[in-house]
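Structure assessment
If you want the building blocks of each chain, they are given just below.
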Amino acid sequence: MTAGQTPVVTGGEVAPAMVTGPPVEGTCQVWWAEVGSPDDERLLALLSAPERDRHAGFTDPHSRATHLTARALTRLVLAGMLDTPATGLRFEAVCRQCGGPHGKPVLRVPAAPVTFSVAHSGRWCAVAFAGRTEVGVDVERIAVRGRDLPWRALSPVERAVVAATADRDRTAAFIRYWTRKEALVKATGDGLTVDPATITVSTPDQPARMLRWTGTPTPVARPHLADLAAPTGYAAALASLGRTLVVSTHDGNSLLDPIRSGVAGFASTHISNKLLT
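Let me begin by describing the structure that accompanies this report. This is a predicted model, so every value here is computed, not measured.

Now for the packing of helix H4 (residues 156-163) against helix H5 (residues 167-188). Between H4 and H5, the least distance of the axes is 9 Å, while the angle of their chain directions is 155°. Between H4 and H5, the interaxial angle falls into the category roughly antiparallel. In contact with Glu158, Val161, Val162 and Ala163 of H4, H5 contributes Arg170, Ala173, Phe174, Tyr177 and Lys181. By residue class, the composition of the contact of H4 with H5 is six nonpolar, no polar and three charged.

Written out as structure tokens, the structure reads:
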């Protein structure tokens, strides 16, 4: 995909790559980008030393590529929103349950009321940004490993729905359930420490909605769900805590491609809002 093309086949239009400040409260920006090279030196220059160390630790090239794309895109968008160098951003991750350094990442420097969530699957990466609202995003290729669906991820009600679905549509139905659940546990910061089978969401043919959460801990605010338009062959969902959000979709490739190609011609330490408008 080249800059300016839409990564979304269905749904609303993709906005041009302009960053004019943090998202207004009640809104969410979802930025899509294709996963690129696993070892692009120009994108690696945007990352912090710990991020580069983690990148080097992935033995699988695709894992390195998705990590690099997601981290670089997150930094570029936030740099534009906050008018600060991309390399000057500092993040922290704290587990909600144990306090360890492996929870949902948050922006610490500069201090700003912006939350974000990252997802990637196959060829695509998506990053959601909101103002003063916890969000979780998930994207999944409509496929599963092996011959059998991971039924244990579904509640009894959901298992019955998927089992009654025609064979040709069964995988898509499961993935729709899964993206909604994954978005929810990302928004709460719990991740898969919460058994997804303890969460029940609306059926795949209905608007996304959480129906029941019997696991612990429980969300700190009422969760809201929405299905997102996604590239062909993929499904995506967004969760938010405490309020519904108006979502806009943006093309992250038009931020990444000038750096990937070297066309931008600037030092990574000076990437800021001026370069994203």
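So, on to the nonpolar core. Counting 29 residues, the largest nonpolar core has Leu46, Leu73 and Phe129 as its most contacted members. At the level of elements, strand E2 (27-34), helix H1 (41-44), helix H3 (61-82), strand E5 (114-121), strand E6 (124-131) and helix H6 (253-261) are the ones that each hand at least two residues to this core. Ranked by the residues each element gives to this core, the list is headed by H3, at 11 residues. Residue contacts for Phe129: discarding those within four places in its chain leaves Pro23, Thr27, Cys28, Gln29, Trp31, Thr74, Val77, Leu78, Met81, Val114, Thr115 and Phe116.

Within the fold, Arg75 resides in helix H3. One polar contact links Arg75 to Glu51, side chain to side chain, over a distance of 2.9 Å. When residues no more than four places from it in sequence are discounted, the contact partners of Arg75 are Leu46, Leu47, Ser48, Glu51, Ala86, Thr87, Leu89 and Phe91.

With that settled, the discussion passes to the pattern of salt bridges. Within this structure, the stated rule accounts for 15 salt bridges. The residue Arg71 makes a salt bridge to Glu51 at a minimum N-O spacing of 3.2 Å. Of this pair, Arg71 sits in helix H3 while Glu51 sits in helix H2 (residues 49-57), and the two are 20 residues apart along the sequence. A relative accessible area of 7% means that Glu51 is categorised as buried. The partner of Lys104 in a salt bridge is Glu134, and the shortest N-O contact between them spans 2.9 Å.

Criteria and thresholds
Residues numbered from 1 in each chain as written. Predicted model: local features only at pLDDT ≥ 70, side-chain atom pairs only at ≥ 80, totals over all residues. Heavy atoms only, no water. Axes fitted to C-alpha atoms, helices over the stretch in contact; angles between N-to-C directions. Helix = DSSP H or I, 4+ residues; strand = E, 2+ residues; numbered from the N terminus. Parallel < 35°, antiparallel > 145°, perpendicular 65-115°, else oblique. Contact = heavy atoms within 4.5 Å. Nonpolar A, V, L, I, M, F, W, Y, C, P; charged D, E, K, R; others polar. Core = buried A, V, L, I, M, F, W, Y, C linked by side-chain atoms within 4.5 Å. Buried < 20%, exposed > 50% of the residue type's maximum accessible area, 1.4 Å probe, protein only. Polar contact = N/O pair within 3.5 Å; in protein donor to acceptor, adjacent residues only side chain to side chain. Salt bridge = Lys/Arg side-chain N within 4 Å of Asp/Glu carboxyl O.

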